[in-house]
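Inside the fold
These are the residues of each chain, in order.
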Amino acid sequence: MKDLIKAFDELPLIVKVILCIPMLDIVWSIYKICRSVDKSNIVGIVLGVLTIVPGAFFIWIIDLLTLLVNGKVWWLD
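First things first, this report covers the structure right here in the doc. The structure presented is a predicted model; accordingly, all values stated were derived computationally and were not measured.

Procedures and definitions
Residues numbered from 1 in each chain as written. Predicted model: local features only at pLDDT ≥ 70, side-chain atom pairs only at ≥ 80, totals over all residues. Heavy atoms only, no water. Patch = residues over 30% accessible without salt bridge, like charges linked within 9 Å, V, L, I, M, F, W, Y side chains within 5 Å. Areas by Shrake-Rupley, 256 points an atom, 1.4 Å probe, with all protein chains shown as cover. Salt bridge = Lys/Arg side-chain N within 4 Å of Asp/Glu carboxyl O. Helix = DSSP H or I, 4+ residues; strand = E, 2+ residues; numbered from the N terminus. Buried < 20%, exposed > 50% of the residue type's maximum accessible area, 1.4 Å probe, protein only. Axes fitted to C-alpha atoms, helices over the stretch in contact; angles between N-to-C directions. Parallel < 35°, antiparallel > 145°, perpendicular 65-115°, else oblique. Left-handed = near helix turned anticlockwise from the far one by under 90°. Contact = heavy atoms within 4.5 Å. Phe/Tyr/Trp six-rings, centres within 6.5 Å; stacked < 30°, edge-to-face > 60°.

On the surface, Ile14, Val15, Ile18, Ile21 and Leu24 cluster together to form a nonpolar patch covering roughly 410 Å² of accessible area. Within the element layout of this structure, Leu24 appears in the loop between helix 2 (13-18) and helix 3 (26-38). Judged by relative accessible area, Leu24 falls into the partly exposed class, the value being 37%.

What follows is the structure, given as structure tokens:
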């Protein structure tokens, strides 16, 4: 799990931005779930699952903005 998180964190910025495209943003939702599972954060796991289906319509905007400002996707840790 930690290897997957590290691999996503080390991706080039352009690849991260491409993964923020609305239909590809599910990849970031899975990343968020993996981060929450790694830290045993139950609330993060539940919210991560909710970002896949109902949240996928607007969460990509938040991901894109935080990625461009901070260089990484925002999540509860």
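Looking now at the packing of helix 1 (residues 2-9) against helix 3. Helices that pack against each other are described as a pair by the angle of their axes relative to one another and the distance between those axes. Between helix 1 and helix 3, the shortest axis-to-axis distance is 10 Å and the interhelical angle comes to 135 degrees. It follows that helix 1 is oblique to helix 3 by the angle criterion. At the point where helix 1 passes helix 3, the crossing takes the left-handed sense. Only Val27, Trp28, Tyr31, Cys34, Arg35 and Asp38 of helix 3 make contact with helix 1, whose side of the interface consists of Lys2, Leu4, Ile5, Phe8 and Asp9.

Time to look at the environment of Ile18. Positionally, Ile18 belongs in helix 2. Take Ile18: its relative accessible area is 43%, and that puts it in the partly exposed class. Considered as a pair, Ile18 and Cys34 are 16 residues apart in the sequence and their alpha carbons are 20 Å apart.

Counted by the stated rule, this structure contains four aromatic pairs. Measuring from centroid to centroid gives 5.5 Å for Phe8 and Trp28, while their planes differ by 55 degrees, and the two rings are tilted. Of the two residues, Phe8 is situated in helix 1 and Trp28 in helix 3; the sequence distance between them amounts to 20 residues. When its relative accessible area of 14% is taken as the criterion, Phe8 is described as buried. The exposure class of Trp28 is buried, given its relative accessible area of 1%. The interplanar angle of 85 degrees and the centroid separation of 5.3 Å between the aromatic rings of Trp28 and Tyr31 together place this pair among those described as edge-to-face. Here Trp28 pairs with Tyr31, and both are found in helix 3, just three residues apart, close to one helical turn. Grouped by ring-pair contacts, the aromatic residues Phe8, Trp28 and Tyr31 constitute a single cluster.

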